[in-house]
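One letter stands for each residue in the lines below.
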Amino acid sequence: MEISIETEQLKPIVIDNHIMEGYSISKNGVPYSHYKKISNDENGNPRYVVDYQYKKQLKTRIISGYISVDIGFIAGKLGYKYRNCGSKSKQRKTCRIHQLVMDSWKPFSQYLPKGISRSDYNKTPERIQKLLPRLFFINHKDHNKLNNHIDNLERVTPRENTRKTIFFKFHIM
């Protein structure tokens, strides 16, 4: 599913192979919420509806040099517990933008990294397929952690990531 608003292409945010309803991200790594406040309930709590024509850019922050964002969701959606955000039925997870961009725009199963053939991947048991993405790092090709454009990101093994980092550091100085 692809959403186009004001000529900006957006894809739904994916976390752990779950589409996060009401959230999307651009190719540049700009996260949006599509939750629109419609009214307050009898207790004065706001009520929201998902409207993909409405978009609000989410606030981001830098953690350990990477741009991150908090994504809220209904408790239990991802199968394990995250920190509560004011109510027992809602939780949130802090996500790195580069991870959201890759998982939303280039899902692992459709864009396999170098070294994994499609036939080998298809023969792999499903429970192992779910673990494979965790074995790969996301590398910023230009080594700028703030540049989260989809064309600047690639999946690499930990060994490749270390080699690229060392090569970059010694050849730039």
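A. The arrangement of the nonpolar core in detail. One finds Ile13, Ile15, Met20, Ile25, Ile71, Leu100 and Val101 to be the most contacted residues of the largest nonpolar core, which totals 18 residues. The set of elements that each furnish at least two residues to this core consists of β2 (8-15), β3 (18-26), β9 (66-74) and α1 (97-105). With five residues, the top contributor of residues to this core is α1.

B. Representation of unusual backbone geometry. Backbone geometry places asparagine 17, a non-glycine residue, at a positive phi of 65 degrees. Take asparagine 17: it is sitting in the loop between β2 and β3. In the Ramachandran plot, histidine 143 falls in the positive-phi region, its phi being about 65 degrees despite a non-glycine side chain. With respect to the element layout, histidine 143 can be found in the loop between β12 (137-140) and β13 (153-156).

C. Region of the structure containing the packing of aromatic side chains. Per the stated rule, a full pass over the model turns up three aromatic pairs. Ring-pair connections join several aromatic residues into one group, and the members of that group are Phe108, Tyr121 and Phe136. The positively charged end of lysine 55 is found above the aromatic ring belonging to tyrosine 32, 4.4 Å away from the centroid.

D. Quick peek at the pattern of salt bridges. A complete count under the given rule lists seven salt bridges for this structure. Put simply, aspartate 70 and arginine 61 hold a salt bridge, and the shortest N to O gap is 3.1 Å. The class of aspartate 70 is partly exposed, set by a relative accessible area of 22%. A salt bridge links glutamate 126 to lysine 130, with the shortest nitrogen-to-oxygen separation between them at 4.0 Å. Taken together, the positions of glutamate 126 and lysine 130, both in helix α3 (residues 126-131) and four residues apart, correspond to about one turn of that helix.

E. Region of the structure containing the pairing of β9. Taken together, the four bridges between strand β8 (residues 60-63) and β9 define a ladder with antiparallel strand orientation. Bridge pairing links arginine 61 to serine 68 in β9. The hairpin turn running from β8 into β9, its antiparallel successor, is two residues long, and serine 64 in that turn takes a positive phi close to 55 degrees. In this structure, β9 lies alongside strand β11 (residues 90-96), joined through seven bridges in antiparallel fashion. The partner of isoleucine 71 across the bridge, within β11, is lysine 93.

Thresholds applied
- Residues numbered from 1 in each chain as written.
- Predicted model: local features only at pLDDT ≥ 70, side-chain atom pairs only at ≥ 80, totals over all residues.
- Heavy atoms only, no water.
- Core = buried A, V, L, I, M, F, W, Y, C linked by side-chain atoms within 4.5 Å.
- Buried < 20%, exposed > 50% of the residue type's maximum accessible area, 1.4 Å probe, protein only.
- Helix = DSSP H or I, 4+ residues; strand = E, 2+ residues; numbered from the N terminus.
- Phe/Tyr/Trp six-rings, centres within 6.5 Å; stacked < 30°, edge-to-face > 60°.
- Lys NZ or Arg CZ within 6 Å of the ring centre and 35° of its normal.
- Salt bridge = Lys/Arg side-chain N within 4 Å of Asp/Glu carboxyl O.
- Pairing = 2+ DSSP bridges.

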